[in-house]
Amino acid sequence: MIALFVLWGGYWFVGSSAVESNAAKLIEQAREDGATFEYSNLNTRGFPSRFDTTIENINAVTPDQRIAWKAPFFQLFALSYRPNHLIAVWPNEQELRLDGTTYNIGTERLRASLVVEANKSLALDRFQLSGESIKIASDAQGHLTAAGISLASEQVQDSFDHHIGLRLNGVDLRAPNQAPLAIQEIFADATLGFDAPISYTTQVNPTSLTLHKAELKMGTSLLRIEGDLTLDSLGYADGALLVTAQNWQPLYDEAKARGLLDPEFEEPLRDILTNLASTESPETDFTAPLTVTQGTIKFGFVTLGYLPPLQLYLQ
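What you see is a predicted model; the values in this text were computed from it and never measured. (Residues numbered from 1 in each chain as written. Predicted model: local features only at pLDDT ≥ 70, side-chain atom pairs only at ≥ 80, totals over all residues. Heavy atoms only, no water.)

### Some words on the overall build of the protein
Test applied: For the purposes of this entry, the term helix denotes a DSSP run of H or I that reaches at least four residues, the term strand denotes a run of E that reaches at least two, and both are numbered from the N terminus. Whether a residue is buried, partly exposed or exposed follows from its accessible area with a 1.4 Å probe, protein chains only, as a fraction of its type maximum: under 20%, in between, or over 50%, in that order. A contact between two residues is defined here by any heavy atoms of the two lying within 4.5 Å. Only the protein chains shown count as covering a residue, and every accessible area follows the Shrake-Rupley method with a 1.4 Å probe.
If you tally the helices and strands in the protein, you get three helices and 17 strands. A total of 315 residues make up the protein; the buried ones form 37% of that total. Of the contacts made within the protein by residues no fewer than 6 positions apart, 45% connect residues no fewer than 24 positions apart. As displayed, the protein offers around 17,900 Å² of accessible surface, 58% of which is attributable to carbon and sulfur atoms.

### Some words on the pairing of strand β11 (residues 181–194)
As a reminder of what qualifies: Between any two strands, pairing holds if DSSP finds at least two bridges.
With respect to burial, β11 is a largely interior element, 10 of its 14 residues being buried. Bridge count for strand β10 (residues 162–174) against β11 is 11 bridges, and the pairing is antiparallel. Within β11, the residue paired with Leu168 across the bridge is Ile186. Hairpin remark: β10 followed by β11, antiparallel, with six residues in the connecting loop; positive phi at Asn177, about 60°. The sheet contact formed by β11 and strand β12 (residues 206–218) spans 10 bridges and is antiparallel. Looking at β12, one finds that Asp189 is bridged to Lys213.

### Quick look at the pattern of salt bridges
In plain terms, the rule: Salt bridges, as used here, are contacts in which a Lys or Arg side-chain nitrogen is within 4 Å of a carboxyl oxygen on Asp or Glu.
For the structure on display, the rule yields 11 salt bridges. The partner of Arg270 in a salt bridge is Asp253, and the shortest N-O contact between them spans 2.8 Å. Taken as a pair, Arg270 in helix α3 (residues 266–278) and Asp253 in helix α2 (residues 248–257) lie far apart in primary sequence, 17 residues in all. Taking the relative accessible area as the measure of exposure, Arg270 reaches 22% and is therefore partly exposed. Taking relative accessible area as the criterion, Asp253 reaches 38% and is therefore assigned partly exposed. Each of Glu108, Arg109 and Glu132 takes part in salt bridges that share partners, so that together they form one network.

### Observations concerning the environment of Val302
You can see Val302 is positioned in strand β17 (residues 302–306). Distance from Val302 to Leu269, taken between C-alpha atoms, is 6.9 Å for residues 33 residues apart in sequence. Excluding anything up to four places from it in sequence, Val302 contacts Phe265, Leu269, Ile272 and Ile297.

Quick look at the structure:
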């Protein structure tokens, strides 16, 4: 028994040293690629059954300066006998800068579970994130709060695709110079296709997006979108979507008030939706097909909006 304990203790100390060494190597590689990654301390604890790694006082910036992140700490936990299953823990307060806009983020119990393949590539197998009392504030963009968030992703068998689920509830959006917007729930069930495994060793590009069901619930209104999109090498989408709206007029009024509709087509679009709804039962609902061409969303000849290139958010 003593010999077994000594052997296990040796394994843990070797393993914990390897965890810290690999983390330091990843940070050094990021620095060599032009990124900034500063921290005050990195250590691993949890003997005898866990590897609990904490990085303190983080200040990280991507090589192109587009993304910056500050946090008092970040933690990764793993069982010593299953090191490819990680638990990530974020602090209650952190700061994120995207393209020059700074977001102060507050959360409670923001956690993620991450399982990677047990090989050198460490490709993502499945991922699950949850958090409560979400608060995102920006002087330029306003404030967003949410009661809770859950996000999950799992690799589809025998492919690089990932089946993704998202649920965000109790959303309150307060944009500058606009009235508050309350959304009961945002839900999405989708499959996102990739041209390679999601791994830190691989350049990954999304190739397709299938919306099995995406829903937004606001007051007595509901908006549902389904459909298939393909993504080109720059991340721009082409395809077709089917939109179903229940009690559509409040949704239209909100979109118009927030400048989400092309002013040239606001009234023609209202007339078209009114005519569509007149054929439905009840007459407050409608179903309509949309086309997406190079990210431009159209209903017939009316431009409704634009989808940004998805690639930019995954590299």
